[in-house]
Each structure stands twice: as structure tokens, then as C-alpha cells.
Amino acid sequence: MKPENDISKIKSRLHPRNKHNTRYDFSKLIKSLPELSQYVSKNKYGDDSVDFFNPDAVLTLNKALLKHHYDINFWEIPKHYLCPPIPGRADYIHYIADLLAESFSEIPKGANIKGLDIGVGANCIYPIIGHQEYGWSFIASDVSENAIKSAKQIVNQNSNLSSYIELRLQKQRKAFFNGILSEDEKIDFSICNPPFHASKEAAEKANLRKLKNLKGKTKGKTKLNFGGQHNELWTKGGEARFIKDMIFESRKFSQQCLWFTALVSKEATLKPTYKILENVEATAIKTIEMGQGQKTSRFIAWTFLTEHEQKQWAKNRW
């Protein structure tokens, strides 16, 4: 089966519905969160900006973005956990909405539409954006008790989230859906940002290359820009093995989920992944590319439902 690629490639901009398609309006962001002002200054081009190598500046910028655009009044994450770039995270959600629209004939909105975020992390960013943009409800899982505790605090401290996002600890560290979804539970989509490095050393080398590209040189010991725990950054076999295992397990839940998806960082991961999906007899495979500045990212999506079954699913769900 040849994977479909029916959503146009975007290489120079974010999704059209992404609230972060234009430059940050720091005057509005500061009005929403005054504490951001201490981190804003003119860059070498004369534009307002923050130092993206300063973790406190990046964290505060995220708080301002979430408050200004998504009505999130509390957002804190523990030290050394990933501080996500919100524009790119929002893109994944908007393209998921487009994917669902192909099955539902239009973008489905409201709490009857439910997603599963596999590896939600301490920041809970995908469920936040998914609910605030489309009203969807979420199951959010993670193998880390600390991550679940942090995400749960974010949800509980924001009344507009508390009834729509359920945090579940994944006690089976090598499982994705087992132990999370009950036998009769259905979800309309799953999302996942896999740890794409195969080891801590590989993660540090990749970060060193990134630092060199950004600054032209490095000094001292390399440091991951936005933090990150072991399970967030690397896993045995890297993202290819991680996604492979997810695909094989997804077969058991073929009638409980409309679209399974996972971000794919490395283009080289795609070809072997397509082969695995053909072997498990997925009925449809899609690779959806997302443009973020000069960088292109992507996620892969698969379903075990026929087109007729997808339409029937949509009729029953929404």
C-alpha cells in the first residue's frame, strides 16, 4: 500500500489555523503576563525577542502564550522536564483536526471527540491546545509518576480543563494502549511525540550539533536547551523501534481507535515504518508534513477501518 500524502506540504509556515503563524506580539503577551517584560529586549535586527538559550525566558514566554491565546492561567513544569515549543505542538493538533475531517466530513468539535496522548509529559501541552481549540476531551498517559503529577496539577488548576483531561499512569513501561484503554473504551485518535534518540550519548551529540548551528561555536559541556527526562529524549532502538512496537500493539485496539498517529523526526524512519504498517494490514496510511520555518516535520497516521467503517464511526461518535 502506498501511503497517502493528501495534505499539501507546508515548508515555510505553520498551519493556517495556527495562532502562532506570525511574529510574537510581545506588547500583547506582556499585557497578558507582565512578568514576561523582564526577558524581552531588542535583538540584532531591532525586533523584540527573548533569549531562547535562557530556560527561564522560554518558560515565561510559554506561560504568556498559553495565557494570551489559550486562556490558561496556571502552567508550571518541574525543572529538567521538556519545555515544548508551543507553535509546533499546535501544528500537530491542527493537522489532526484536518485528518479527522476526512472521516467526519468536517472538523469535529466538542467533548464527544476523545484523543489519547501517549507520553503526555509534565507539560500537558497537546491536551491543552486540543481542548482549547476544538473542545476535545483527552486521556493523557505517561510512564513517569512525576510527569503525571505535574500534568494533573496543571489540569486541576485550570477550571476550563479539569472536566476534559484525564491523567492515567502507564504502569507497563513498554506498553502504549494496554493498561490505559479499557476493553469497551473508544478514542478518535492517538497522538505521540516519541523519544527519537537511541541513547543519552546520541541525544547529547544531537544537541551539540544544534548549538553549533545556532551559535557557530560551543563552550564547555553541552546542555539540552529545554531539559528533558530519559523517557522524553531517548529509548532503546530510537524512534523507529518505538513506533514499530506501537504499531504492533495498535492491532489489538483496531476497533477502538479511528486514527493512530505518531510524530516521526527522522525521514529515514518512514520507509521501514510503511513496511510494518503493510504487514499488519492497516487499511490506510498517511504521512502528513508540517512546515515550521525552514524545518519540515511530519507525523504518520494509520487506521484499520475501511472508509465505510470510518463514516459509520463518525456517525456514531458525533
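This structure is a prediction, so every number in the text was calculated from the model and none was measured.

### What about the pairing of strand 6 (residues 187-192)?
Stage number 1. Most of strand 6 is tucked away: 6 of the 6 residues are buried.
Stage number 2. With 4 bridges connecting them, strand 3 (residues 114-118) and strand 6 associate as parallel partners. Across the sheet, residue L116 finds its bridge partner in strand 6, namely S190.

### A short note on the environment of E145
Stage number 1. As for its position among the elements, E145 is in helix 5 (residues 145-157).
Stage number 2. Here the alpha-carbon distance between E145 and Q170, two residues 25 residues apart in the chain, equals 8.8 Å.

### Observations concerning the environment of E166
Stage number 1. Within the fold, E166 resides in strand 5 (residues 165-169).
Stage number 2. Spatially, the C-alpha atoms of E166 and V155 are 8.6 Å apart, while their sequence positions differ by 11 residues.
Stage number 3. The contacts of E166, once residues within four sequence positions are left out, are F138, I139 and A140.
Stage number 4. Here R168 takes part through its side chain, which lies 3.1 Å from a polar atom of the side chain of E166.

### Brief notes about the nonpolar core
Inside soluble globular proteins, nonpolar side chains tend to come together where they are buried.
Stage number 1. One finds W75, I96, L100, W136 and F299 to be the most contacted residues of the largest nonpolar core, which totals 60 residues.
Stage number 2. The biggest single contributor to this core is helix 3 (residues 86-104), with 10 residues.
Stage number 3. Filtering out sequence-adjacent residues up to four positions away, F299 remains in contact with Y92, Y95, I96, L99, T261, A262, L263, V264, K286, T287, I288 and M290.
Stage number 4. Ranked by size, the runner-up nonpolar core spans 28 residues in total, among them F177, C192, L270 and I285.

### Focus: the confidence of the model for the chain
Stage number 1. When pLDDT is averaged along the chain, the result is 87, and 82% of the positions lie at 70 or above.
Stage number 2. Contacts of residues 202-211 to residues separated by more than four positions or lying in other chains number 20 contacts, the stretch itself having pLDDT below 50.

### Notes on the packing of aromatic side chains
Stage number 1. Going through the model one piece at a time under the given rule, you end up with 12 aromatic pairs.
Stage number 2. Between F177 and F260, the ring centres sit 5.4 Å apart and the planes meet at 80°, which makes this aromatic pair edge-to-face. A residue pair is termed long-range when its members are at least 10 positions apart, and F177 in the loop between strand 5 and strand 6 and F260 in strand 7 (residues 257-263) qualify at 83 residues.
Stage number 3. Take F177: its relative accessible area is 0%, and that puts it in the buried class.

### Things to note about the packing of helix 3 against helix 10 (residues 307-317)
Stage number 1. Relative to each other, helix 3 and helix 10 sit at 100°, their axes nearing to 8 Å. Between helix 3 and helix 10, the interaxial angle falls into the category roughly perpendicular. Across the interface between the two elements, E102, S103 and F104 from helix 3 touch Q310, K311, W313, A314 and R317 from helix 10.
Stage number 2. For the contact of helix 3 with helix 10, the per-class residue count stands at 3 nonpolar, 2 polar and 3 charged.

### Re the pattern of salt bridges
Stage number 1. Counted under the stated rule, the structure contains 10 salt bridges.
Stage number 2. Where K286 meets E102, a salt bridge forms, and the shortest distance between an N and an O atom there is 3.0 Å. Of the two residues, K286 sits in strand 8 (residues 284-292) while E102 sits in helix 3, which places them 184 residues apart along the sequence.
Stage number 3. Across the pair R168 and E185 runs a salt bridge whose closest N-O atoms are separated by 2.8 Å. Taken together, the residues span a long stretch of sequence, with R168 in strand 5 and E185 in the loop between strand 5 and strand 6 at a distance of 17 residues.
Stage number 4. Residues joined in a network through salt bridges with shared partners are E166, R168 and E185.

Definitions and limits used
Residues numbered from 1 in each chain as written. Predicted model: local features only at pLDDT ≥ 70, side-chain atom pairs only at ≥ 80, totals over all residues. Heavy atoms only, no water. Buried < 20%, exposed > 50% of the residue type's maximum accessible area, 1.4 Å probe, protein only. Helix = DSSP H or I, 4+ residues; strand = E, 2+ residues; numbered from the N terminus. Pairing = 2+ DSSP bridges. Contact = heavy atoms within 4.5 Å. Polar contact = N/O pair within 3.5 Å; in protein donor to acceptor, adjacent residues only side chain to side chain. Core = buried A, V, L, I, M, F, W, Y, C linked by side-chain atoms within 4.5 Å. pLDDT = per-residue confidence, 0-100. Phe/Tyr/Trp six-rings, centres within 6.5 Å; stacked < 30°, edge-to-face > 60°. Axes fitted to C-alpha atoms, helices over the stretch in contact; angles between N-to-C directions. Parallel < 35°, antiparallel > 145°, perpendicular 65-115°, else oblique. Nonpolar A, V, L, I, M, F, W, Y, C, P; charged D, E, K, R; others polar. Salt bridge = Lys/Arg side-chain N within 4 Å of Asp/Glu carboxyl O.

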